[in-house]
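Descriptive structure summary
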Amino acid sequence: MDLGLRGKVALVAAASRGLGRAIADELAAEGATLVLCARGADQLDAAKQDIAQRTGVDVRAVVADLSKLEDVQRVTTEALSAFGRVDVLVTNAGGPPAGTFETHDWETWERAVNLTLRSVVEMTRAVLPGMRQRKWGRVINVTSIAVKQPVDNLILSNSVRAAVTGFARTLANEVATDGVTVNNILPGYTRTERVEELATATASKEGLTQRDIVSRFESQIPMRRLGEPPEFAALAAFLASERASYITGQSIAVDGGWIRGLV
Ligand code: NAD
């Protein structure tokens, strides 16, 4: 299937590793020009070099902390000045910290809102006018299965990602006649560095092995295995494509069946 992404410009946030990196790989393989950002310069530069060498596409990388407004603005400004437009915006960031209601104070909530919600709003603010003018655009937000079925001990993620979902659904309606679609993809347990680190940390706290913890995750998933990042990224590439032109306002899970609800 030709996804029609050759020559499109995609901005993929938080793309030095994990799900963001997998999406960047997939879009580059489809011929899209890329702008990537993340906090750590070394890993981001390694991602940029690797993708450019393997695919031959033009890749720019901007070091930025997405919880800071000035950094978010620098990413979008550099993307627009390098390529003149952004056709596909993929919002993503590190997850907010785990914990229950009593764990988090005002400052922690504020940081989570800035990183998980406001970075999405501000990146969208910068690139949406051009998309509407050109009558073509794709906004894809990486959220979580937590928006359909909250995950215990993740009150920040469960709450703030619900806000992203409300934002996206509303925006989808506002820009639907301009050829711009807005969708969310919801990762289930996917084998990224973050999940491996989480499993290792939980294992050492409970005196178990990392394998024990991963088996616990797998036992909740009908497919009885973690997802692989390319399985997740395949949906992002499709939603970014010409072929997904009539899909908007949706939250689609890539979770091996983890969400048990009917819709
Ligand atoms: P990861 O830790 O492997 O990668 C996160 C990426 O975000 C890295 O490139 C990192 O440099 C970047 N990043 C982190 N904080 C940043 C910041 N403040 N500013 C800029 N960049 C920043 O994580 P992942 O597994 O790829 O997860 C990506 C997102 O998806 C997270 O929000 C996570 O909570 C969510 N999620 C992941 C899973 C999963 O199973 N992997 C499941 C549900 C939700």
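Residues numbered from 1 in each chain as written. Predicted model: local features only at pLDDT ≥ 70, side-chain atom pairs only at ≥ 80, totals over all residues. Heavy atoms only, no water.

**With respect to the site of the ligand**
Counted only if it meets this: Nearness is defined per residue: one heavy atom within 4 Å of the molecule or strand is enough. A 3.5 Å cut-off defines polar contacts: any pair of N or O atoms within that distance qualifies, except that in protein one atom must be a possible hydrogen donor and the other a possible acceptor, and neighbouring residues in sequence count only when both atoms are side-chain atoms. Helix and strand labels come from DSSP, where a helix needs a run of H or I of at least four residues and a strand needs a run of E of at least two; each type is numbered from the N terminus. Note on residue classes: Ala, Val, Leu, Ile, Met, Phe, Trp, Tyr, Cys and Pro are nonpolar, Asp, Glu, Lys and Arg are charged, and everything else, Gly too, is polar.
As a structural note, the neighbourhood of the ligand is formed by 28 residues, with S16, L19, A93, R161 and T192 the closest of them. Within the side chain of S16, a nitrogen or oxygen atom sits 2.7 Å from an oxygen atom of the ligand. The backbone of A93 places a nitrogen or oxygen atom 2.6 Å from an oxygen atom of the ligand. Those elements that provide at least two residues to the shell around the ligand are α1 (18–29) and α6 (193–206). Tallying contributions element by element places α6 first for the shell around the ligand, with three residues. Grouping the amino acids of the shell around the ligand by side-chain chemistry returns twelve nonpolar, ten polar and six charged.

**Topic: unusual backbone geometry**
How we decide: Under the scheme applied here, a residue whose accessible area is under 20% of the maximum for its type counts as buried, over 50% as exposed, and between as partly exposed, the area being computed with a 1.4 Å probe on protein chains only.
Residue N153 is not a glycine yet carries a positive backbone phi of 70°. With respect to the helices and strands, N153 occurs in the loop between β5 (137–142) and α5 (155–175). Judged by its relative accessible area of 44%, N153 falls in the partly exposed class. Phi is positive for R224, which is not a glycine, with a value near 55°. As for its placement among the helices and strands, R224 is situated in the loop between α7 (210–219) and α8 (229–240).

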